[in-house]
Structures are given as structure tokens and as C-alpha cells.
Amino acid sequence: MAVGMRPGERIRRYLQLGRIMSAMLTAGIAIIGAYSTGHVLSPTEFLVFMWLGFWFHAFGGAYNEISDYRLDSMVKELKDKPLVSGAINMTQAVGFTLLTVFAGILALALFYPSPWPIIMWVASYAAAGYYDGKGKYTPYMFELSLGLTFFFWAFFGAAAVNPSFPQGITINTIAVALVIFIFAVYINWGNAMKDAPTDRNLHVPTRAVAWGYDHRQRLGPGSPHILYGLLIKLCLLVSYALPILYPLFTSDKTHLLPTRPLLFGMDVYTLFFLFFVVPTQIWVVYRAVGRHDRLWWTNYIVADIFLTWLAFSFMTVMVIGIFGSIFMFLLPLLWFAGTTTLMYGKPMRVGL
């Protein structure tokens, strides 16, 4: 680390290392997983999940920075990253990463020391560590291992508030875990398209590299890249629809959260799925048709996260209502605006 760096600057650089600007997205996954069981979180429980999500996200971000140091050093847009710039050295980065694990263990031991929450917590960290360290360099696991991290993290939220887990699991919880898994798979599809030239030089086996994508290439509707993206989004839509489809095949309502009728006998969840989730998810794929550079793909990923997070936030509308779902959508946005203002002097989107 640079000699004479002020304490405030040192903290800012460590927060950048942990990519904490989007930490409430990670916290929100476990929170929505908890709500999907039908449990309404107390203020204390909500804050504990925020704490756990913050440190889990910081772990993934810091370890990812360590693993991607060589790759990031080759991208001129990333020259100000803490490790690339030399503001933090590798030893300090490893120490910070270990701190993130310890902080999570401490909160877990204090608030959720039961077997299943611990198992899901460990599985989440293991999947995140695998993704950062090995998954990105293993065929197909680049696309899948980040999703597995969040899949287990959603179940961690459900297990933490449900003493009878896994017996008390709902179809809504399964849907939440599947949707966040597929959500992450699509984000990494976009990341692979964004970083295709660099990944090719470093022999990172993404689908974009394997199928020969280049930023000079114009993507058509029949392109394997577009068809792959469409397949991912169709899987997301089917997963999202599970609470709607489940009653059609069984009369058992034990594992289904109660619906809230809104109009013509249709509940809020179904209406939102039909008139927002379906069209926006298909539109996102359609937007990828054409010729795009790295900056375009960066903006594209942000737009997809925005729309899909809104859809994901509404998956527990049956438990916390419309205004509660809107708050879950706004939480990471407000956090992002606040933390980037503190670190950069104004709300902004940092380089990805």
C-alpha cells in the first residue's frame, strides 16, 4: 500500500477491493429467501442479514480481485483498481479476505448457529471461492458456479428463519433459489460477451470464447450467443412461474404461500409476471441483437440487473406486499448511491 496513505483513503480502497457498492444485492438475496418461507423479518433479523450479506459480498469481491489480478492488469479501463494500481498489495488483500470470513462466522455463531443455516452458509462460501479461484477457468463452470453461490445463499436465508428446514420449504423458496441462480448465469453470459477479447487471450473458456464471439461481430437472431441467452431467460421465466403453475398440478397448498387477489381474481404475483417479467426479460435478449463494444455490454449488464432485480424483489409480494417489494428493490440502489457518493464524491457506476 502507498506510504503515507490517510486512514480514510485506506478504508476507501479496501471497500473498493470488496466491491461493496453492490453488497445489498447479495444481502437482499438471503432476505428474499427468508421472506419466501412466509416469515416476516424483525428489524433485528433484517440488520443481521444486511451484515452477513455485506461480508459475504466483500469476500467474493476481494477474492475475485485477487484471482483476476492478471486479467484486470490487461484492461486499461481497470487501471485504478486497488490491486492493479498498487494501492493495496497482495498480502493485504489476502488479509482482508480472511477478515470477511471471520466477520461472517462471528455473526453466524451469534444469531444462526443451527446445522442447516451453517451448511448453506458454508456451501455459499465454498461455491464463491470455487468460482473466483477455479470456476472461471473451467468449461461451463464460468457460467454456472456464480449462480450456485447465490442459489445456496437464498437457501441460507430460508434455513436461517425456518426451524423445520428443509421440511418447511415452500415452492416459492425453490422458485427464488432457481431464479437467482439463472439471474447470475445470465449476468455472466453478459460478462463473457463483454470480456471476450481479453478472455480469449487468457484462455478463459467462456461460451463467448468457445463460440468465437468478437466485438466486431454483428449478432443476429439466429446467433448461438443470442439463442443461448434466450434459453437462459426462458428457464428464468419458467422458474418464476412455479408458484403460479404449482396449484395447477396439485391441490396441496401446504408448500405454497397464500396469494393476494388484485383484479378479476388474479393475484399480484401473476399479474406482475405476465405484464412485467415476461415482456422485459424477452426484451433484454432482443436488445443484444447487433454489434456492440465493451462499454455497451457494461451498460447492458447494468440494465439487465436493474430489470431482473425488480422482478426478483417482487417474488415475495405475497408476504411483504407491494410496498415491501418496492423497498427490497430500492435497498441496493440506495446503498449503491450512498456508498459510491462516499467513495467517489458522487453517485456513479464504477467500472466492471
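Refer to the structure printed above.
Counting of residues starts from 1 at the beginning of each chain's written sequence and follows it residue by residue. Under the rules for a predicted model, residues below a pLDDT of 70 receive no local features and side-chain atom pairs below 80 are neither given nor counted, while totals for whole chains, interfaces and linings still include all residues. Think of the side-chain values as coming from all heavy atoms in the structure, minus any hydrogens and water.

Engineer: Residue-level account of the packing of aromatic side chains, with values.
Structural biologist: For Phe, Tyr and Trp, where Trp contributes only its six-membered ring, two rings pair if their centres lie within 6.5 Å, and the inter-plane angle classes them as stacked under 30 degrees, edge-to-face over 60, or tilted in between. Scanning all chains against the criterion turns up 35 aromatic pairs. Geometrically, the ring pair formed by F49 and Y112 is stacked, given 5.6 Å between the ring centres and 25 degrees between the ring planes. One end of the pair, F49, is in helix α3 (residues 43-67); the other, Y112, is in the loop between α6 (90-111) and α7 (115-133), and 63 residues separate them in sequence. Categorising residues by exposure relies on relative accessible area from a 1.4 Å probe, with only protein chains included: less than 20% of the type maximum marks a residue as buried, more than 50% marks it as exposed, and the intermediate range marks it as partly exposed. Looking at F49, the relative accessible area reads 0%, which means it is buried. By relative accessible area, Y112 is classed as buried at 7%. Helix numbers and strand numbers start at the N terminus; a helix is a DSSP run of H or I with at least 4 residues, a strand a run of E with at least 2.

Engineer: So what's going on with the packing of α3 against helix α8 (residues 141-161)? Residues and values would help.
Structural biologist: One way to put it is that α3 packs onto α8 with a least axis distance of 12 Å and a crossing angle of 155 degrees. By the angle between their directions, the pair α3 and α8 is classed as roughly antiparallel. Crossing angle aside, the handedness with which α3 passes α8 is right-handed. Contact residues: E45, F49, L52, G53 and F56 in α3; T149, W153, F156, G157, A160 and V161 in α8. Note on definitions: angles span 0 to 180 degrees between N-to-C directions of axes, and those axes are lines fitted to C-alpha atoms, for helices only across the stretch in contact. Here roughly perpendicular refers to angles of 65 to 115 degrees, roughly parallel to angles under 35, roughly antiparallel to angles over 145, and oblique to all remaining angles. By convention, the crossing between two helices is left-handed when the near helix turns anticlockwise from the far helix through less than a right angle, and right-handed when the turn is clockwise. By definition in these notes, contact holds between two residues if any of their heavy atoms fall within 4.5 Å.

Engineer: Got a sec to walk through the nonpolar core? Specific residues and values, please.
Structural biologist: Counting 106 residues, the largest nonpolar core has F49, F156, W189, Y240 and F312 as the members making the most contacts within it. Beyond its immediate chain neighbours, meaning those up to four positions away, Y240 contacts V179, Y269, F272, F273, V277, A311, F312, F314 and M315. Only buried residues count toward a nonpolar core. Its members are Ala, Val, Leu, Ile, Met, Phe, Trp, Tyr and Cys residues joined through side-chain atoms within 4.5 Å.

Engineer: Would you mind going over the side chain of H225 in detail, with residue names and values included?
Structural biologist: Mapped onto the secondary structure, H225 falls in helix α12 (residues 224-240). Other than its neighbours up to four places away in sequence, H225 contacts W189, M193, R207, A208, W211, Y213, Q217 and L219.

Engineer: Tell me about the pattern of salt bridges, and name the residues and values.
Structural biologist: In what follows, salt bridge is the name for a side-chain nitrogen of Lys or Arg lying within 4 Å of a carboxyl oxygen of Asp or Glu. Under the criterion given, the structure shown has eight salt bridges. Taking the shortest distance from any N to any O, the salt bridge between R13 and E9 comes out at 3.8 Å. With R13 and E9 both in helix α1 (residues 7-17) and four residues apart, the pair spans about one turn of that helix. Here K233 makes a salt bridge to D304, at a shortest N to O gap of 2.7 Å. One end of the pair, K233, is in helix α12; the other, D304, is in helix α15 (residues 294-313), and 71 residues separate them in sequence. Judged by relative accessible area, which is 2%, D304 ranks as buried. Among the charged side chains, a network of salt bridges with common partners joins E9, R12 and R13.

Engineer: Break down the environment of S313 for me, citing the residues and quoting the values.
Structural biologist: Along the chain, S313 turns up in helix α15. In this structure, the C-alpha to C-alpha distance between S313 and L330, residues 17 residues apart in sequence, is 9.2 Å. In this structure S313 touches I32, S325, M328 and F329, once residues within four positions along its chain are discounted. A distance of 3.4 Å separates a polar side-chain atom of S313 from the backbone nitrogen of F329. Within 3.5 Å is the distance limit for a polar contact, defined as a pair of N or O atoms, with the added protein rule that one can donate a hydrogen and the other accept it, and that residues adjacent in sequence qualify only through two side-chain atoms.

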